[in-house]
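# Summary of the model geometry
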Amino acid sequence: MKKEMICIVCPRGCHLQVDEESLQVTGNSCEKGAVYGRNELTHPTRVVCSTVKLISDQLCRCPVKTDQAVAKDKIMDVMHAINQIQVQAPVKIGQVLCNNIAGTGAKLVATRNIEH
């Protein structure tokens, strides 16, 4: 049985077919697509982007993301942890707001500079 998916590694958006037994990938234009297709079937991951509560005179939320992809089955755990975080301005881009978020090994980092 073949699983069909669209590769999200680059803007090309190749239409992949991945054999569920052999994990052989077809339809990819580059090796990154083949790796993506195999990984998507065996261990799908995503970078999580969201916002955290911010104590500031100007804004109420600070945009954040994980510094690495986390397993898709852990995304809800990551989001629950993100909802518990509150940071005080000022915040700098790349500032680590949480190490090992939800036990995933990923750091949660700010993606915007925020003054007061």
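Procedures and definitions
- Residues numbered from 1 in each chain as written.
- Predicted model: local features only at pLDDT ≥ 70, side-chain atom pairs only at ≥ 80, totals over all residues.
- Heavy atoms only, no water.
- Pairing = 2+ DSSP bridges.
- Helix = DSSP H or I, 4+ residues; strand = E, 2+ residues; numbered from the N terminus.
- Axes fitted to C-alpha atoms, helices over the stretch in contact; angles between N-to-C directions.
- Contact = heavy atoms within 4.5 Å.
- Salt bridge = Lys/Arg side-chain N within 4 Å of Asp/Glu carboxyl O.
- Buried < 20%, exposed > 50% of the residue type's maximum accessible area, 1.4 Å probe, protein only.

The strands that make up a sheet are held in pairs by hydrogen bonds between backbone atoms, and each pair lies either parallel or antiparallel. Spatially, 8-5-6-10-9 is the arrangement adopted by the five strands of the open sheet, whose pairing is mixed. Edge positions in the open sheet fall to strand 8 (86-88) and strand 9 (96-98), since each of these has one partner strand only. Across the sheet, the mean angle from the axis of one strand to that of its neighbour is 45°, orientation sign disregarded. Contacting strand 5 (49-55), strand 6 (61-66) and strand 10 (108-110), helix 2 (residues 75-83) crosses the sheet at an angle of about 15° to strand 5.

Moving on: the pattern of salt bridges. The tally for this structure, following the rule as stated, stands at four salt bridges. Among the salt bridges present, the one from Arg38 reaches Glu31, with a minimum N-O distance of 3.3 Å. Residue class for Arg38 comes out partly exposed when judged on its relative accessible area of 28%. Classification of Glu31 by relative accessible area gives exposed; the value is 51%. The partner of Lys72 in a salt bridge is Glu40, with the nearest N and O atoms 3.9 Å apart.

All right, on to the sheet that holds strand 2 (residues 15-19) then. A sheet is described by the order of its strands in space; here three strands give the open sequence 1-2-3, paired in antiparallel fashion. The sheet is open, and its two edges are formed by strand 1 (2-6) and strand 3 (25-26), each paired on a single side. The pairing of strand 1 with strand 2 spans five bridges and is classified as antiparallel. By the bridge assignment for strand 2, Ile6 is matched with His15.

Locating Gly37 in the fold gives a position in helix 1 (residues 31-42). C-alpha of Gly37 to C-alpha of Gly103: the two residues are 66 residues apart in sequence and 26 Å apart in space. In this structure Gly37 touches Met5, Leu16, Val18 and Val25, once residues within four positions along its chain are discounted.

Taken by themselves, the reported measurements are silent on function.
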